[in-house]
Amino acid sequence: MNNKTKSDEKNGSSQIGSVLSRAFQSNAEWPDKEEFLDVIYWSRQIIGIIVGIVWGLVPIKGFMGLVLFMLVNAAIIYIYYSNFQNIDEEDYGGAWELTKEGFMTSFAGFLVTWIIIYSGLHYD
Amino acid sequence: MWADTLLIVFISICTALLGEGLTWLLVYRTEKYQKLKNEVEKQSKKLEKRKEAHGESLDKQHKKKIEREEERLKNNNKDLSFVKMKSMFAIGFAFTALLSMFNSIFDGRVVAKLPFMPISWIQGLSHRNLSGEDYSECSFIFLYILCTMSIRQNIQKMLGFAPSRAASKQGNSLFGPGPGQFK
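Residues numbered from 1 in each chain as written. Chains lettered and ligands numbered in written order. Predicted model: local features only at pLDDT ≥ 70, side-chain atom pairs only at ≥ 80, totals over all residues. Heavy atoms only, no water.

By the naming in an unreviewed UniProt entry, chain B goes by Calcium load-activated calcium channel and is assigned to Nicrophorus vespilloides. Under the UniProt heading Function (unreviewed entry), the entry covering chain B gives this text: "Calcium-selective channel required to prevent calcium stores from overfilling." Reading the Sequence similarities (unreviewed entry) entry of the UniProt record for chain B gives the comment "Belongs to the TMCO1 family." (UniProt positions renumbered as here; feature names shortened; annotations may be inferred.)

The Sequence similarities (unreviewed entry) field of the UniProt record for chain A holds the comment "Belongs to the EMC6 family." Quoted straight from UniProt, the Subcellular location (unreviewed entry) entry for chain A says "Endoplasmic reticulum membrane".

Right under this line is the structure:
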């Protein structure tokens, strides 16, 4: 186990490259579930920030913005894993596990960017 | 408002890095922590695999084995949180002092305008130390908490300090059944 983690660290950057290329490749193989969950986690964070910027620029206001974010976030991830990667969600403990992976962090990131862009652009 | 909000983001990045740095110094780099962490991770994965392999058709012998391993994992988890706890207290104190300093700097200042109306039990936080009835005005503490929530966890994840999924899944079951167990 120790040796494995050490060699894992050494190959860290090449591993990230391989994970990234598989993330953009349809129907890729994911022998290590953790890697796929990491891809879901980080794409969630990026979606959160992008949606936050867009909502702030438009600007979308009120409760609607929060609901729309949750819908967009869940829908993109759902389409990604079920239509693009075609993985079996049961392998990952069901759709719920994939839906909540990194959700809170992405929600916080979304709120921060939404609030900053909105108040910076529209209330100075 | 840009200046204030960006300053808060910067402050929370700094405090998150400082917190992780201190925890690394006091906890993560110690041999005891690393040994325990590896152990917990190994056991969690093994336990999960075993549970998956046998599913619901558990005979008595397997059940006993799993229970014994769960017990061992529980003890290791307890040791792990004890190792963490001491430094967490020290860091907690340092951060309370820092936070109260920032609080007094931003006292009564509207740092941002919220694009939504927060629900009543959050208003106490988002409108803390602000005068007036406009609850869409945002106080320092609310934005700081949101920033920390997203930045700290992402930094932990990037640096590889976040607990592994298998371990946190098994760890949750100590306090109550995780969602996976309802299947």
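Past the structure itself, the notes keep going.
### What to know about the UniProt feature "transmembrane region" (unreviewed entry) in chain B
All names here are of chain B. Within the UniProt annotation, "transmembrane region" (unreviewed entry) is assigned to residues 6-27 and 88-106. End C-alpha atoms of residues 6-27 are separated by 31 Å, and the span's content is 100% helix alongside 0% strand. Secondary structure content for residues 88-106 is 95% helix and 0% strand, and the end C-alpha separation is 26 Å. (Helix = DSSP H or I, 4+ residues; strand = E, 2+ residues; numbered from the N terminus.)

### A short note on the interface of chain B and chain A
Counting residues at the interface gives 27 residues for chain B, matched by 35 residues for chain A. Summing both sides of the interface, chain B and chain A together bury roughly 2700 Å²; the carbon and sulfur share of this comes to 68%. Counting across the chain B and chain A interface gives 0 salt bridges. Here chain B is connected to chain A by 4 residue pairs in polar contact (both at pLDDT 80 or more). (Contact = heavy atoms within 4.5 Å. Buried area = accessible area lost by both parts, 1.4 Å probe. Salt bridge = Lys/Arg side-chain N within 4 Å of Asp/Glu carboxyl O. Polar contact = N/O pair within 3.5 Å; in protein donor to acceptor, adjacent residues only side chain to side chain.)

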